[in-house]
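Each chain is listed here by its residues.
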Amino acid sequence: MSTMLSNLDLLRRVPLFSLLTVAQAEVVSGAVVKRRFKRGEVLVEQGQKSNALFILLTGRARVMTADSRGREVILATLGQGDYLGEMSIIDNEPHSATVRAEVQTDVLMLGRTEFARCLAENTSMSLVVMRGLVKRLRHADRKIESLALLDVYGRVAHALLDFAQPDAQGQRLIKEKISRQDLAKMVGASREMVSRVMKDLEERGFIEVLPTGATLLKERLNALG
C-alpha cells in the first residue's frame, strides 16, 4: 500500500499525469515502475523497442542519434517532468534515437497498454501528448532549417539561443559551462571549428564567458542565429 501511495504522490508531481482523474491516477499508480539509471546508462536505444513510456522524476538525459560510423548528433536534452518513448508506443516502431542519462536519473515507467488506456480515457492528457509531439516536430524543423541554411556561426548562435534562460535582469544566460564537444554534436561541426567560433564570438562581443563558467549572450547574437 505504501508503494502505491508513493507512486500516486510521484504521479501527481508530473505535469502530464496531473490531468488524470483520481480514479485514473490510482489505477496508473499501481502500474508504474520506478527505476534509477546511473550516469551514462542508456534509457532507450535507437532501433530497439522498449514498449514503455519513461517520465523523468529527477536528473537529466540526452537524446542523440548516430550513423554507421559512430558519429553522434545531440538532438535534445530532457529534464524533470519530461517524458520519452511515446512515439514508439503510438506507431509501434523502434525508437528513432538513443536516450542516455547525463547524471543519475530517476524515472517512472508505464507500459504500452496502460499508457494507451490513459490516452483513450482522458482527452486532456491526449491533447498534452499531442502538443508535446508538435513541439518536438517544430524543434526538428528548426534544426533541419539551421543545418541546411546557416553556416557554422549561425548554427552555434542558434544552439546558444536555444540553451539560454532569462536571468533576474532579463539577460539571456547559460548557467552551466558548455562542452565544446557537445556543442559540436548539436550543430554538425568539428570540435575544433566550434572552439574557434566560440572564441571569435567572445572576442567580438557577441557572448561573454563569466568567471563562474556561465555564458552571457548579448542582444546582437540574434543577428547570427
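Conventions used here
- Residues numbered from 1 in each chain as written.
- Predicted model: local features only at pLDDT ≥ 70, side-chain atom pairs only at ≥ 80, totals over all residues.
- Heavy atoms only, no water.
- Helix = DSSP H or I, 4+ residues; strand = E, 2+ residues; numbered from the N terminus.
- Buried < 20%, exposed > 50% of the residue type's maximum accessible area, 1.4 Å probe, protein only.
- Pairing = 2+ DSSP bridges.
- Axes fitted to C-alpha atoms, helices over the stretch in contact; angles between N-to-C directions.
- Contact = heavy atoms within 4.5 Å.

**Q** Lay out unusual backbone geometry in plain terms, naming residues and giving numbers.
**A** For Asn 51, which is not a glycine, the phi torsion comes out positive at approximately 55 degrees. Inspection of the secondary structure assignment puts Asn 51 in the loop between β2 (42–44) and β3 (52–58). Under the relative-accessibility criterion, Asn 51 is labelled partly exposed at 35%. Phi at Asn 92 is positive, roughly 60 degrees, even though this residue is not glycine. Here Asn 92 is to be found in the loop between α3 (86–91) and β7 (98–101). Judged by its relative accessible area of 40%, Asn 92 falls in the partly exposed class.

**Q** Mind laying out the sheet that holds strand β4 (residues 61–66), listing which residues take part and the relevant values?
**A** Spatially, β2-β7-β4-β5 is the arrangement adopted by the 4 strands of the open sheet, whose pairing is antiparallel. In this open sheet, the two edge strands, each paired with only one partner strand, are β2 and β5 (72–78). With strand direction ignored, the average angle separating the axes of adjacent strands in the sheet is 35 degrees. Pairing of β4 with β5 involves 6 bridges; the strand directions are antiparallel. Directly across from Ala 66, in β5, lies its bridge partner Glu 72.

**Q** Tell me about the sheet that holds strand β10 (residues 172–174), residues and numbers included.
**A** Pairing within the open sheet is antiparallel, and its 4 strands lie in the order β9-β10-β12-β11. The open sheet has two free edges, formed respectively by β9 (165–166) and β11 (207–209), since each of these has just one partner strand. In this sheet, β10 lies alongside β9 in antiparallel orientation, the contact comprising 2 bridges. Counted as the bridge partner of Gln 165 is Leu 173 from β10. Contacts between helix α6 (residues 152–163) and the sheet are confined to β9, β10, β11 and β12 (215–217), with β10 contributing the most and set at about 95 degrees to the helix.

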